[in-house]
Amino acid sequence: MRTFHIWWYRILSALKIGALSCAVGVCSGAVCAVFGRGLLLINNFRDAHQIFLIPLLPLLGLCIVFVYDKWGGGAEEGMNLVFAAEFDDGRTIPFRMVPLAVGATWLGHVGGASVGREGVACQIGAVIGYTVGKLVKNKRLAQTFIIAGMAGGFAGLFRTPFAAVCFALEVMITGRLFYYALVPTIIAAGSASAVSGLFGVTHEYSPLPDMGGAAAFTLPFIAKLTVLALLFCAAGQLFAHLLKYCYSHFQSWLPNKYKRVFIVGVVLSALLFVAHRGRYAGLSFQITDAIFAGGNVFAYDWILKLLFTVVCLSAGFQGGELTPLFIIGSAFGYVAAPLFGLPPLLGAALGHGAVFGSATNTLLAPIAITGAVFGFQYMPLFAFVCAVAFYCNGNHSIYRLQRAATRW
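What counts and what doesn't
Chains are numbered independently. Their residues run from 1 in the order of the written sequence. Side-chain atom pairs in this predicted model are given and counted only at pLDDT of 80 or more, local residue features only at pLDDT of at least 70, and totals for whole chains, interfaces and linings cover all residues. Values reported for side chains reflect all heavy atoms of the structure, with hydrogen atoms and water molecules removed beforehand. The buried label applies to any residue whose accessible area, calculated with a 1.4 Å probe on protein chains only, is under 20% of its type's maximum; exposed applies above 50%, and partly exposed to all values in between. Under the DSSP-based scheme used, a helix requires at least four consecutive residues in state H or I and a strand at least two consecutive residues in state E, with every element numbered from the N terminus. Only Phe, Tyr and Trp rings are paired, with Trp represented by its six-membered ring, and only when their centres lie within 6.5 Å; those with planes under 30 degrees apart are stacked, over 60 edge-to-face, the remainder tilted. Any Lys or Arg side-chain nitrogen found within 4 Å of a carboxyl oxygen on Asp or Glu counts as a salt bridge. Interaxial angle, 0 to 180 degrees, is taken between N-to-C directions of lines fitted to C-alpha atoms, where a helix line uses only the stretch in contact. In this scheme, a crossing is called left-handed if the near helix is turned counterclockwise away from the far one by less than a right angle; it is called right-handed if the turn is clockwise. Any two residues having at least one pair of non-hydrogen atoms within 4.5 Å are treated as being in contact. Three classes are used: nonpolar for Ala, Val, Leu, Ile, Met, Phe, Trp, Tyr, Cys and Pro, charged for Asp, Glu, Lys and Arg, and polar for all others, with Gly counted as polar. Without a salt bridge and with relative accessible area above 30%, a residue can belong to a patch; like charges are then joined within 9 Å and nonpolar side chains (Val, Leu, Ile, Met, Phe, Trp, Tyr) within 5 Å. Every accessible area reported is derived by Shrake-Rupley at a probe size of 1.4 Å, with residue values counting cover from the shown protein chains alone.

Draft legend 1. Structural view of helix α8 (residues 161-170). When you tally the buried positions in α8, you get eight out of 10 residues, the bulk of the element. Along α8, the residues that are buried comprise Ala-163, Ala-164, Val-165, Cys-166, Phe-167, Ala-168, Leu-169 and Glu-170.

Draft legend 2. Here's a closer look at the packing of aromatic side chains. Scanning all chains against the criterion turns up 17 aromatic pairs. Judged by centre distance (6.2 Å) and plane angle (75 degrees), the ring pair of Phe-158 and Phe-326 falls under edge-to-face. Highlighted residues: Phe-158 in helix α7 (residues 139-158) and Phe-326 in helix α14 (residues 322-336), separated in sequence by 168 residues. We classify Phe-158 as buried; its relative accessible area is 10%. Exposure remark for Phe-326: the relative accessible area of 8% places this residue in the buried category. Their ring planes at 20 degrees and their centres at 5.9 Å tell us that Tyr-280 and Phe-308 sit as a pair that is stacked. Of this pair, Tyr-280 sits in the loop between α11 (257-274) and α12 (285-292) while Phe-308 sits in helix α13 (residues 301-315), and the two are 28 residues apart along the sequence. With respect to burial, Tyr-280 and Phe-308 carry one shared label: buried. Through pairs of rings, three or more aromatic residues link up here, namely Phe-154, Phe-158, Phe-167, Phe-326 and Phe-356.

Draft legend 3. Seen up close, the pattern of salt bridges. Taken as a whole and assessed by the stated rule, the structure comprises three salt bridges. One salt bridge connects Asp-69 with Lys-257, and the closest N-O pair in it is separated by 3.1 Å. With Asp-69 in helix α3 (residues 57-71) and Lys-257 in helix α11, this residue pair connects regions lying 188 residues apart in the sequence. Given a relative accessible area of 41%, Asp-69 falls into the partly exposed group. Of the residues examined, Lys-257 reaches a relative accessible area of 35% and is grouped as partly exposed.

Draft legend 4. Up close: the packing of helix α10 (residues 219-253) against α13. The geometry of α10 relative to α13 is characterised by a closest axis approach of 9 Å and an angle of 35 degrees between their N-to-C directions. For the crossing formed where α10 meets α13, the hand is right-handed. Contact with α10, carried on its side by Ala-235, Leu-238, Phe-239, Leu-242, Leu-243, Cys-246, Tyr-247 and Phe-250, involves Trp-302, Ile-303, Leu-306, Leu-307, Thr-309, Val-310, Val-311, Leu-313, Ser-314 and Ala-315 of α13 and no other residues of that element. Of the residues contributing to the contact of α10 with α13, the split by class is 16 nonpolar, two polar and no charged.

Draft legend 5. Representation of unusual backbone geometry within the structure. Of note, the phi angle at Arg-159 is positive, near 60 degrees, even though the residue is not glycine. Take Arg-159: it is sitting in the loop between α7 and α8. Within the chain, Asn-361 stands out as a residue other than glycine whose phi angle is a positive 60 degrees. Tracing the backbone through its elements, the reader meets Asn-361 in the loop between α15 (344-360) and α16 (364-374). Overall, Asn-361 belongs to the buried group, its relative accessible area being 1%.

Draft legend 6. A nonpolar patch on the surface, seen in detail. The grouping of Leu-56, Leu-59, Phe-262, Ile-263, Val-266, Val-267 and Leu-271 at the surface amounts to a nonpolar patch, some 560 Å² of accessible area in total. Per-element accounting of the nonpolar patch gives the leading share, five residues, to α11. Checked against the element boundaries, Phe-262 lands in helix α11. Relative accessible area serves as the criterion here: at 33%, Phe-262 is assigned to the partly exposed category.

Encoded structure:
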C-alpha cells in the first residue's frame, strides 16, 4: 500500500510539473510572438522612414534610461539578473522586467539601435518561469522553470525548440547540463514554439545547396575548416572582450547615464545613417538579405555590425546579442570562406553558429541552431567548426555571471 502511495504521489508530481511547464511555454510563446512580430513591424517601418526616425535615437535612449531609472528596480541588469536568480544568490526577478524589456527594445529599434531580440525573449521566458515557480512556493521548481522559461522564450521567438533546449540547459554553467530541468525544458520549448506558430511566427530556414565534392571530408578540407573555426572563435571573442571593455570604460568616461546614452546616441544616429543609410541599424535585414537572397556583401559588414552593436549595448540601449552575432558570423564567413576556396554560403552557415558559440561559450546550441536554419545534411561540418571555436575560446563569454565547469 505504501508503495502504491509513493508511485501515485510521483505520478501526480510529474503531471503537475508537466502542466506548469506547459503553462510556462504557452505564456512565453504568446508574449514572445507579440514581441517578435512587433519588432519586425518596427524594423520595416523604420527602414521606410529612416530619415525621420534614426535622428531620434538619442532622445529614445533618454526615455529608456529614464524609465529604467524610475521603475526598473534592477531589471536593467537583464540576463545577469536571470543568472543570479538561477544561482540563488538572494536576487529576485521582478515581473516588471517583461514590459520594460519589451518596451525598451521596441523604442531602441525605432531609432535604429543595432541590438538583437533573443536576450529579451529569454528574459521574458525566465521571468514567467520564475513567477510560476514562486507561485507554487518551491525554490527548486522556481530554478527549474527559469531554465524552462528561457527555452520557451527562445523557442517562441525563433521556433527552433531543439536549439532552445540546448541553449537553456548549457548556458548557465558552460560544460555542464542541467539534466534535472530536461523534461520541463522540452515541454516548455515545444509548447512555446507551437503557440508562437499560431500567432504567425515563422521559422527561419535557408537550406544550403548541394555542394557535392566541395564538402568532402579530406585532410585539406579539414585544415581549411580548422582555420575558419579559429577565425570565427577570434571574432566571437572580439565581440565579448570589446563589449566588456566598452561597457566599463563608457561608465568611467561618462558616469552620468543620461549624458552617456544621449552623447553616444547622437554619434550613433549620425554614423548609422551615413553608413549605407541604416544598413547596420536594428536587425540589419539588408545584410541578411544580401547574404542569403543575393546582393552586395561588403568585406567590412561584419566588423561594422560588431562595433555598432557593442557601442549600442554599452551606451545603455536594451536588446540582445545573439541576433547580431548570427549576422556578424554569417557576414564574416561569407567573405572569409572564398579565401580558402570554400563556397561563401557554406562559410556564412558555419560562421552563423561558430561566432555565436564562441561569444556565448556554448557548444550544443550553436550546432543545433545552425542545423535548424541551414539544414541537417551538413551537421558534421557544423559540429566540427562549432566544437573547435568553443574549445579555443578560453572560457570567455558575453555573460558576466556565467560559470564554467572543468572541461578536461
